[in-house]
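# Structural features, examined
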Amino acid sequence: MAAVGAGAFVWDGQRIEEEELRRSAQALQQLEDPAAFPEQERGWEPVMQRERFRLWRRPIPGSALFQYRVFGSYTDVTPRQFFNVQLDTEYRKQWDSLVLKLDVVERDPATGSEVIHWVTQFPYPMYSRDYVYVRRYSVDSDRNLMVLVSRAVEHPGIPEDPEHVRVRSYESHMVIRPHRGFDENGFDYLLTYSDNPQTVFPRYCLSWMVSSGMPEFLEKLHSAALKAKKMELELRDYLSPAKGPEPRGAAQHLEYA
């Protein structure tokens with residue numbers, strides 16, 4: 001539910017539909033067979049290559065920003081563990097020291113899409129950044145794929161806070177393909193990402209920040225999955241019928257009024 005007196009959030013036109021999930025899943029096929037998708041694959045330039053990690057970028061038309069794409073693999077955790085660690089907002093508050101706030105605000109009963117409010121620290125002297133976004137995930141057992149799509153939305157119950165900078169342009173598409181099964185070690189992933197963090201830094205500085213920050217975040221995510229596996233932490237299983245934490249209740253939303 002939205003904040004009292006702030007107006008209700010309208011899901012029509014905001015929820016993530018099946019077509020978005022399908023397009024995200026197709027991006028992995030486009031990467032592996034670029035000749036079959038010449039228009040979609042145009043403009044990507046390599047930025048970094050390491051063992052089991054490749055990073056590309058391409059300009060976003062009409063802006064000074066880039067879209068980024070990472071393709072990588074892990075062999076020491078299962079796809080289920082990696083997927084759950086990404087989605088579990090409570091666990092992320094433990095392993096990501098940059099998180100100042102991370103809450104599931106509400107969920108769409110029609111599709112399972114969720115509105116998330118995320119506040120994260122930025123390097124000094126910049127203000128922290130404030131994201132409000134909708135996310136939806138799916139698991140396709142027939143195609144052996146897991147997909148997570150997120151993008152920025154406006155929510156009447158989460159007004160801007162002068163202590164943070166609101167990021168209004170943000171998209172993230174993660175596709176995970178197990179090497180074998182969801183509960184066996186080993187998988188490939190493709191992350192396609194863009195946002196406008198509202199900085200005054202030149203384009204090359206922002207590109208360097210993202211290019212260096214993305215591998216660091218993915219390794220933190222991987223380490224958190226390894227820790228959860230080693231310590232047998234009881235994370236919420238997002239592949240099970242009981243999906244995700246309950247949204248914050250109406251009384252708790254009063255802080256957004």
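Preceding block: the structure.
Summary of the structure given here. (Residues numbered from 1 in each chain as written. Predicted model: local features only at pLDDT ≥ 70, side-chain atom pairs only at ≥ 80, totals over all residues. Heavy atoms only, no water.)

## Notes on the overall build of the protein chain
Defined as follows: Numbering goes from the N terminus for both helices and strands, where a helix is a DSSP run of H or I of at least four residues and a strand is a run of E of at least two. Contacts between residues were defined by any pair of non-hydrogen atoms, one from each residue, lying within 4.5 Å. Each accessible area is a Shrake-Rupley estimate made with a 1.4 Å probe; only the visible protein chains count as cover when residues are assessed.
Summing up its helical and strand segments, the protein chain has 4 helices and 10 strands in all. Going residue by residue from the N terminus, the α and β elements of the protein chain occur as α-β-β-β-α-α-β-β-β-β-β-β-β-α. Long-range contacts, defined here as pairs at least 24 residues apart, represent 61% of the contacts in the protein chain between residues at least 6 apart. Total accessible area computed for the protein chain in this model is approximately 13,100 Å², and 51% of it derives from carbon and sulfur atoms.

## Quick notes on the pattern of salt bridges
Oppositely charged side chains are able to pair whenever their charged atoms sit close together. The line we're drawing: In what follows, salt bridge is the name for a side-chain nitrogen of Lys or Arg lying within 4 Å of a carboxyl oxygen of Asp or Glu. Exposure classes here rest on a 1.4 Å probe applied to the protein chains alone. A residue is buried below 20% of its type maximum, exposed above 50%, and partly exposed in between.
Throughout the structure, instances matching the rule amount to 25 salt bridges. A salt bridge links E39 to R42; the nearest nitrogen and oxygen atoms lie 2.8 Å apart. Accessibility assignment for this pair places E39 and R42 in one class, exposed. Between E41 and R69 there is a salt bridge, with the nearest N and O atoms lying 3.1 Å from each other. With E41 in the loop between α1 (18–32) and β1 (45–50) and R69 in strand β3 (residues 66–74), the pair connects residues that are 28 residues apart, well separated along the chain. Each member of the pair E41 and R69 is classed as buried.

## Section: α1
The cut-off we apply is this: Each residue after the first adds 1.5 Å to the expected span of a helix.
Along its 15 residues, α1 runs 22 Å from first to last C-alpha, staying within 8% of the 21 Å computed at 1.5 Å per residue. At its buried positions, α1 is contacted by β2 (53–59), β3, β6 (128–140), β7 (145–152), β9 (170–178) and β10 (187–195).

## Some points on the packing of aromatic side chains
In plain terms, the rule: In this scheme Phe, Tyr and Trp rings, the latter by its six-membered ring, pair at centre separations within 6.5 Å, and the angle between planes marks the pair as stacked below 30 degrees, edge-to-face above 60, and tilted otherwise. Working rule: Lys NZ or Arg CZ, within 6 Å of ring centre, within 35 degrees of ring normal, means a charge sits over the ring.
Taken as a whole and judged by the stated rule, the model has 16 aromatic pairs. Feature note: the residues W118, Y131, Y133, Y170 and Y193 constitute an aromatic cluster, connected by ring pairs. Above the plane of the ring of F53 lies R50, whose end atom (NZ or CZ) is 5.9 Å from the centre.

## Quick look at the pairing of β10
Using the following cut-off: Here, strands pair whenever DSSP counts at least two bridges between them.
Most of β10 sits out of view: 9 of its 9 residues are buried. Across 7 bridges, the pairing between β3 and β10 is antiparallel. From the neighbouring strand, G72 faces β10, where its bridge partner is Y189. Judged from the 9 bridges that link them, β9 and β10 form a sheet pairing that is antiparallel. Residue pairing across strands places E171 opposite S194, the latter belonging to β10.

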